Amino acid sequence: MLKRLVKFLKNNHPDANIEEYLDAKYIQLNNLQLKQIANALNNGKLSIKPASNCNANHFIFHIGSTFILLQKDTTNTSKAYQVELSWETDFLSIRSRDKTKGFYFINFEFDNNYNTTLQKTKKTIKGHINNTVKNQEIIDKIMPILKGFMSAITD
């Protein structure tokens, strides 16, 4: 699936820095692993640690049909990570008027306490209007498991 994303970026966003994806450490968890993290959080066996304590600087977290590219923020701001979420989806192709596969992108950042701030993205599907409320709902759904995973891998 990562190959499809890279191909999509090359074809639709040639000015995108594809190396961000190719150079990132790739992490994919299966449903059992995701459930273990959720259970550990619910049981208090896993405590949430500040995002900046996570020693993963540049990685792709792959869940289902979603890629989450995380890059530790090094600009000395209050933001801990810059994030680009992309998921494969069907959409109506403007060129052919047919349904086709593509990727939808949401950019955001979060601070040490995992508080998110939605960012603008230049990677849009032509003719698609970004819905800020829906984008925030998607971010809110993935953050608990991302927070748990980052805390689990923190020393």
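Going by the structure above, here's the rest.
Residues numbered from 1 in each chain as written. Predicted model: local features only at pLDDT ≥ 70, side-chain atom pairs only at ≥ 80, totals over all residues. Heavy atoms only, no water.

Student: Looking at this structure, how should I read the packing of aromatic side chains?
Tutor: Within a pair of aromatic rings, the relevant descriptors are the distance that separates the centres and the angle that separates the planes. Scanning all chains against the criterion turns up eight aromatic pairs. Centroid distance Tyr 81 to Phe 110: 5.5 Å. Interplanar angle 25°. Geometry classified as stacked. Of the two residues, Tyr 81 sits in strand β4 (residues 79-92) while Phe 110 sits in strand β5 (residues 99-111), which places them 29 residues apart along the sequence. Comparing Tyr 81 with Phe 110, the two get one shared label, buried. On the basis of an interplanar angle of 55° and a centroid distance of 4.7 Å, the ring pair of Trp 87 and Tyr 104 is categorised as tilted. Here Trp 87 is found in strand β4, whereas its partner Tyr 104 is found in strand β5, with 17 residues between them in sequence. Relative accessible area serves as the criterion here: at 9%, Tyr 104 is assigned to the buried category. Through a chain of ring-to-ring contacts, the aromatic side chains of Phe 8, Phe 103 and Phe 105 assemble into a single cluster. Over the ring of Phe 105 we find Lys 123, and its NZ or CZ is 5.4 Å from the ring centre. (Phe/Tyr/Trp six-rings, centres within 6.5 Å; stacked < 30°, edge-to-face > 60°. Helix = DSSP H or I, 4+ residues; strand = E, 2+ residues; numbered from the N terminus. Buried < 20%, exposed > 50% of the residue type's maximum accessible area, 1.4 Å probe, protein only. Lys NZ or Arg CZ within 6 Å of the ring centre and 35° of its normal.)

Student: Quick question: what am I supposed to make of the nonpolar core here?
Tutor: A general tendency of soluble globular proteins is for nonpolar side chains to be buried together. Formed by 30 residues in total, the largest nonpolar core has its most connected members in Phe 61, Leu 70, Tyr 81, Phe 110 and Met 150. Counting residues per element, this core draws most heavily on helix α4 (residues 132-152), at seven residues. Other than its neighbours up to four places away in sequence, Met 150 contacts Ala 51, Cys 54, Phe 59, Leu 70, Tyr 81, Phe 110 and Tyr 114. (Core = buried A, V, L, I, M, F, W, Y, C linked by side-chain atoms within 4.5 Å. Contact = heavy atoms within 4.5 Å.)

Student: Would you take a moment to explain the pattern of salt bridges for this structure?
Tutor: Pairing is possible between side chains that carry opposite charge, provided their charged atoms lie close to one another. Evaluated as defined, the whole model comprises two salt bridges. Note that Arg 4 and Glu 88 form a salt bridge whose closest N and O atoms lie 3.0 Å from each other. Taken as a pair, Arg 4 in helix α1 (residues 2-12) and Glu 88 in strand β4 lie far apart in primary sequence, 84 residues in all. Since its relative accessible area comes to 14%, Glu 88 is described here as buried. A salt bridge links Lys 123 to Glu 84; the nearest nitrogen and oxygen atoms lie 3.0 Å apart. A residue pair is termed long-range when its members are at least 10 positions apart, and Lys 123 in the loop between β6 (116-119) and α4 and Glu 84 in strand β4 qualify at 39 residues. Since its relative accessible area comes to 13%, Lys 123 is described here as buried. (Salt bridge = Lys/Arg side-chain N within 4 Å of Asp/Glu carboxyl O.)

Student: Honestly, the packing of helix α3 (residues 31-43) against α4 in this entry has me stumped. Any pointers?
Tutor: To describe two helices that pack against each other, one gives the angle between their axes and the distance between the axes. Here α3 crosses α4 at 85°, and the two axes come no closer than 10 Å. The angle between the axes of α3 and α4 places the two elements in the roughly perpendicular class. Along its contact with α3, which presents Leu 34, Ile 37, Ala 38 and Leu 41, the element α4 presents Pro 144, Ile 145, Gly 148 and Phe 149. Here the residues of the contact of α3 with α4 are counted per class, giving seven nonpolar, one polar and no charged. (Axes fitted to C-alpha atoms, helices over the stretch in contact; angles between N-to-C directions. Parallel < 35°, antiparallel > 145°, perpendicular 65-115°, else oblique. Nonpolar A, V, L, I, M, F, W, Y, C, P; charged D, E, K, R; others polar.)

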